[in-house]
Each structure stands twice: as structure tokens, then as C-alpha cells.
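Examining the three-dimensional arrangement
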Amino acid sequence: MVDVTTDPFESMLHENRHFPPSPEFVAQANASLELYAQAQGDRMAFWDEQAGRLHWDKRWTTTLDWSGAPFAKWFVDGRINVAVNCVDRHVADGFGDQVAIHFEGEPGDTRAITYQQLQDEVCQAANALAALGVVAGDRVAIYLPMIPEAVIAMLACARLGAPHSVVFGGFSAEALRSRIDDAAAKVVITADGGYRRGSAFPLKPAVDEAVAAAPTVEHVLVVRRTGGDVVWTDKDVWWHEAVGGASTTHDPEFFDSEHPLFILYTSGTTGKPKGILHTTGGYLTQAAYTHHMVFDHKPGADVYWCTADVGWITGHSYIVYGPLANRATQVMYEGTPDTPHKGRWWEIVEKYRVTILYTAPTAIRTFAKWGREFPGQFDLTSLRLLGSVGEPINPAAWMWYRSVIGGDNCPIVDTWWQTETGAIMISPLPGVTHTKPGSAMDPLPGISAKVVDDDGNQIERSEAGYLILDEPWPAMLRGIWGDDERYVEQYWSRWPQVYFAGDGAKYDREGHIWLLGRVDDVMNVSGHRISTAEVESALVSHAAVAEAAVVGANDDTTGQAIVAFVILRENADISPDTVENIRSHVGTEIGSIAKPKRVMVVKELPKTRSGKIMRRLLRDVAENRDLGDTSTLADPAVMALISSGLATATDTD
Ligand code: WTA
């Protein structure tokens, strides 16, 4: 059997396999080669045409206003309502009976929600929020498990023009509090709990803790999912009472194309997460366009399943906004892939006859490790297209995905994009591109991406450099919430008028793009972005920790794993309990996804003479490699001290 979990990049230089689309796929594909020429010929006319996929109450006058660069305005003066586009217009077009969401709860409970029912519930939720005092412009925090109410809540906010800030349900009370605070959210929508790994977990206690310290919150709307006990406060309102009792009709207001749609926090290179701001018309245009072209989606015929959580950008753009704008029928699954058995996902594919599956390399590598016998027990022949997102996919994992899941019969789209880009930027076009295992291939029509050197010059083929975007795009972030300066500094300051994505990339001999991972201090663990600074600041907030340095070490399954080096305070006792306690502390501060896989107690950290921590050397230790060049260390003896580490704790969860 091939080992798909080896170093992601080792074989990519020698990767010469090409997979052209089958003639049958080409014959029915949404995309065509002409799209590239069309977009190149007149980029603005191209985007005008894409915006025409949507229903506008008033058409825009100017496609793009870039005069205030790097602050963009797309589809200037246009007026639009996102919820009307994602729900009402499909009902008005006669598709009220089409299933929008096949929900599959982890315990096995199911719900099929038609577009008509979705419209009713979105209107009810909008009315309930309005009754709680939410008006256009107010921020609403959403902290929910993967249940349909998450989608309904987002659409209800969009309907009211109240930007939502979805906080991943795995984040801690403190992470939730800081996000509520930063956005000054007025309402929080949550649930008593959800189901994961075969049991119910509580969500409400974290909200109670966060809200107690967040004075802007006036009301908390609580979905009953598990029926578990909850402590009730005077701010709490049950969803089933407030929403269930509200009217199913709601007159939508149409908002300016640049009206804020949502804020989504993501890790940057500092300890403070950034509130990435997305607006309305441009975002929805690119989400709908990419969902149509990249997934070759056929409304009414396909059954689409994106396995992301709504708490991440992938869930925003490819569970909620793109698919629903395109009248998709989709699967939404609440739980983990191995509950109650390791074939759960494939059972779901068989059950709903899923045709399009969009998931992450970490999941693919995990399934490959478990073995082909699990997918092998189910009929996966309904699948016709596979997607990947979140991290580089190594060629061996790509080939496993293609053959074991796709039966050698499905185009694979490896899609590169970011929370900041809002929608897919680099990807094969199914039916057009001759894919290569491990490569995201080319910028989509309408998008300009390049690989450049330190001076910002486009590099030669077969060389590594930085991935940049040198033309504005409709779904681009419009800023960092409340911090314009940080927006300019973070993304637009390295080269003039150029967006720096933070990723390394290279061209292969044929000029196709290969992503090489982050070049900044952002780690990518199972496709989740976590900054080293964020984890370090959580570590040093523990009473026993004096100093900390964190690195992302290569990991067979999760892409990168968090390894922490800590120096304890003099009075702290060095016991496995202390170290385990430090690990859990990070879970409490940020959430369990940020818990270091390993914590190593050391006496010193390797620093340059100017005091900068040499993470490269720590990475060598974390990856059990011989040390690289240590000549710039202030104290060369320090590495011997580190390697003989005093105590470590390793994740066993
Ligand atoms: C990485 C997720 C290689 C990249 C949509 C990027 C990828 C970061 C790919 C954004 C891919 C995402 N190939 N790397 N196909 N897709 N990445 O904001 O490092 O959670 O900068 O958005 O994930 O992560 P984010």
C-alpha cells in the first residue's frame, strides 16, 4: 500500500502525472476554456456577468472603485439582499419543495429542510431578532454546533443587514468573549450543546462565562439541541419560543452592495485574532460564481456536501452563501467521521447519493490511514467531483482520494483561498483543466495571482517565492474590523498595491502553481489557522510559565502539529502534572484545537544576539532532525540544554 502520509512536498518536483477530464465530463461541464480568455479580455465585463447570477434590487453603476486602494468597492450603488438571493428567489421561481439541507445529526436524527421551510424559518428568525432589537448594522455573535439553526441564524442576520460573527463552537469562553468584545456584539445565538464523538457536549456554560464579561450583549438566543440542563440568566431567550412563535413573513430590506455582511476572526502573526470584514455584493458574486464553476454544480440534480464547520470561512462560503445562492441541495453533518464507526461519512454519501464532496487533506490522510476497507463497504458511485481545501494536499493523498473515494472517475479540485479572499482564487476548472496531483494549478478566470521574489518580481518556473494577488477581486476582505491601519500594514505593505497572502508557492515547469505552506508565523493544524504568538501568549498567561516559544512541526496527519517549548518560573515544580496542566491551560484560553501536541520544558530558548527566538532550530528539535546552522546563536551551548529537555507532555487525546 502507498504511504500517503509522507512529507507533503517530497515528490512534487517530480510529479508529471496529468489527469485530463473525461469526454463525458467535458460535455456537461459548467466551465469552458473560453472563460479565461473572456476574463482576460475584459475583466470588469466578466465580473459584471458573474454578478448577473444574483438578484439585485437596483443594478450597480460602477463595477469596481479602487480609487481608495487598498479599500475596494465592488458593484458600486447596487442594492441587494443576501437572504433573498439564497432563499426567497428560489421559492419564487417554483423550487419551494426542493430540499435545501439534508441534516444528519451525529446521533442519527435527520431533518430534510426544503427551500420553502428554509424561507419560513429564516423569516421567523429575522422577526425574532428584530423583536430583540437587532437593526441593520448591529453585530450578532453566533456560537453553535453544526445544526441547521446555524445556517438559519446566519441568513436571518444577512436578511436584516446585521453582520454576524460566527465563532467556531470549539473555541473557549475566553476566545468567544474577546470576539464578542471586539465586535461589540448585541446578541449571541447559541445552543444548550451539540453532539460529538458519541456524546452530548455543553456550549451554554462557555457563553454564560463570556457574556458575564461582555457588557455589550443584551440578549442570548438559545437553541435546544441536546435537552441538557442549562443555567438560565435574564438575558436568555429560547429559540423555539422566540423564533418558533414569530411570523413566517418578513419584508426584506435591500442593502448597499458594500454593506457589511459578516466578520470572521482568524489568526494572524500576533496574539490578537483579526476580525476579517466581508461585505455583500462582491462577496456573494464570487461565492456563487466559484461554487458554480469549480464544483460544476447543477441545481436540482446534484447533492453537494462540504464537510467544513460553519465556524470557518469554508463553511460560510461553501455551506451557506455559495451553495444556497445557487439553489443547491446539500448534506450537513453534525459530528465526527468515526462516530459510531469509521465508515460514517461514506455511509452518508451512500444514503444521500452525494455527487460532490468538498473536504480537507487532513481528513483524507486520516481515512487513508484507517484503510480502504471503510469506504469500501459503501456505494460511492454517486460521486462525480471531489474537492480539497485548507492546506497543501500531497500527491499521494491526492491519488488515494482519486482512486479510493472517486473510483478513478472524478475530477479533483484542489482549491486555494483564505478567510481574507472570501472565495476560491486558485483551482483547476473541472472539465477544462488537466489536473496534476498536488497542484492547485491556475488562478481562476477573473483572478490574478503570481509568485514573486523578495523584490516583488515574478519568478521563473521551478523556483519558490511568495504568493501574491495583484488585482482586486470581488470577495476580497474590506478590512480588519476596527483596525484599518493593521489591514494596510498586514496585507498591503510589502509591495505597493499588492496583496501578500502569507503563503509560499512555486511554479512548476509548465507554469502551474504549487502551494508550499505559510511563510509567516501562522501554523496550519488540520487546516485550522493558529498563530504561534497566540499560543505563546496563552502559555505565558499560565502561572508556572516564564517564557514560551511555539513552532509548527510537520505532522503525518494534521499537516502541522503545535510543539511548545516553555521555561518555567523558578518556584514552579517540574512534574508531568504541571506540564499537562500547561497544555490544558491553552485549551481553556483558546480552545482544544490550539492545545500543543507536545510541551517541552527547557532551561533556555535559542536566541540570536539581538534576542530573537530562532524558531528554525526549535523546529529541528521538534521534528527530531539534526540541528541546522547554530552560528548566529547568542549562546551555542543552549541547544544541548534544549535537546536534553527536562520534562515533556505529549498529547494523548
Ligand atoms: C492554506 C481556508 C494549500 C494556506 C480556506 C492559506 C491552502 C490558509 C489551500 C488559509 C490549498 C488553504 N493548498 N494551502 N488548497 N487552501 N490553504 O483562512 O496557507 O482558514 O493561507 O482559509 O490555508 O486558511 P483559512
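Residues numbered from 1 in each chain as written. Predicted model: local features only at pLDDT ≥ 70, side-chain atom pairs only at ≥ 80, totals over all residues. Heavy atoms only, no water.

With mixed pairing, seven strands are arranged side by side in an open sheet as β5-β4-β17-β16-β18-β19-β20. Two strands in the sheet have a free side with no partner beyond their single neighbour: β5 (110–114) and β20 (412–415). Geometrically, the sheet is characterised by an average inter-axis angle of 15° between neighbouring strands, direction not taken into account. By the bridge criterion, four bridges tie strand β4 (residues 99–104) to strand β17 (residues 329–333) in an arrangement that is parallel. Residue pairing across strands places H102 opposite V331, the latter belonging to β17. Here helix α6 (residues 148–160) sits on the sheet in contact with β4, β5 and β17, set at roughly 30° to β5. (Pairing = 2+ DSSP bridges. Helix = DSSP H or I, 4+ residues; strand = E, 2+ residues; numbered from the N terminus. Axes fitted to C-alpha atoms, helices over the stretch in contact; angles between N-to-C directions. Contact = heavy atoms within 4.5 Å.)

Before going further, it helps to spend a moment on the environment of V563. You can see V563 is positioned in strand β29 (residues 559–568). Overall, the relative accessible area of 3% leaves V563 in the buried class. In this view, V563 contacts A549, V550, V551, A553, R598, M600 and A622; residues no more than four positions away in its chain are not counted. (Buried < 20%, exposed > 50% of the residue type's maximum accessible area, 1.4 Å probe, protein only.)

What follows covers the sheet that holds strand β11 (residues 219–223). Pairing within the open sheet is mixed, and its eight strands lie in the order β12-β11-β8-β6-β7-β14-β15-β23. Strands with a single pairing partner mark the edges of an open sheet, and in this sheet they are β12 (236–238) and β23 (479–480). Along the sheet face, helix α7 (residues 173–183) touches β6 (140–143), β8 (187–191) and β14 (260–266) and points at about 140° away from the line of β14.

Here we come to the side chain of S427. For S427, the location among the structural elements is in the loop between β20 and β21 (449–452). Dropping the residues within four chain positions of it, S427 is found in contact with V294, V413, D414, T415, A440, D442 and L444.

The subject of this paragraph is unusual backbone geometry. Omega for the bond connecting A69 with P70 falls within 30 degrees of zero, at 5°, which places this linkage in the cis form. Within the fold, P70 resides in the loop between β1 (62–65) and β2 (73–76). For the peptide bond that leads from T339 to P340, omega is 0°, which places it in the cis range. At R197, a residue that is not glycine, the phi angle is positive and equals roughly 50°. Tracing the sequence through the fold places R197 in the loop between β9 (193–196) and β10 (199–202). In this structure, D296 takes a positive phi of about 50° despite not being glycine. By the element assignment, D296 lies in the loop between α10 (281–294) and β16 (303–306). The exposure class assigned to D296 is buried, which follows from its relative accessible area of 0%.

Under the counting rule described, the total for this entry stands at 37 aromatic pairs. Taken together, a centroid distance of 5.7 Å and an interplanar angle of 70° make the contact between F295 and Y318 edge-to-face. In this pair, F295 sits in the loop between α10 and β16 while Y318 sits in helix α11 (residues 313–325), placing the two residues 23 residues apart along the sequence. Grouping aromatic residues by their ring pairs yields a cluster made of F46, W47, W56, W60, W74, F75 and Y289. (Phe/Tyr/Trp six-rings, centres within 6.5 Å; stacked < 30°, edge-to-face > 60°.)

Further remarks concern the packing of helix α4 (residues 82–95) against helix α5 (residues 115–131). Between α4 and α5, whose axes approach to 9 Å, the crossing angle comes to 135°. One way to sum up the angle between α4 and α5 is to call them oblique. Relative to α5, α4 is oriented so that their crossing is left-handed. Residues A83, C86, V87, D88, H90, V91 and F95 of α4 touch α5, and the partners they reach there are Y115, Q116, L118, Q119 and V122. (Parallel < 35°, antiparallel > 145°, perpendicular 65-115°, else oblique. Left-handed = near helix turned anticlockwise from the far one by under 90°.)

Our focus in this paragraph is the site of the ligand. As a structural note, the neighbourhood of the ligand is formed by 17 residues, with D414, T415, T419, D503 and R518 the closest of them. Contacts to the ligand include E391, whose backbone N or O atom sits 3.3 Å from a nitrogen atom. Between an oxygen atom of the ligand and a side-chain N or O atom of R529, the distance comes to 2.8 Å. For the ligand, whose unbound accessible area comes to 530 Å², protein coverage reaches 96%. Those elements that place two or more of their residues in the shell around the ligand are α11, β20 and β25 (513–518). The class makeup of the residues in the shell around the ligand is six nonpolar, six polar and five charged. (Near = heavy atom within 4 Å. Polar contact = N/O pair within 3.5 Å; in protein donor to acceptor, adjacent residues only side chain to side chain. Areas by Shrake-Rupley, 256 points an atom, 1.4 Å probe, with all protein chains shown as cover. Nonpolar A, V, L, I, M, F, W, Y, C, P; charged D, E, K, R; others polar.)

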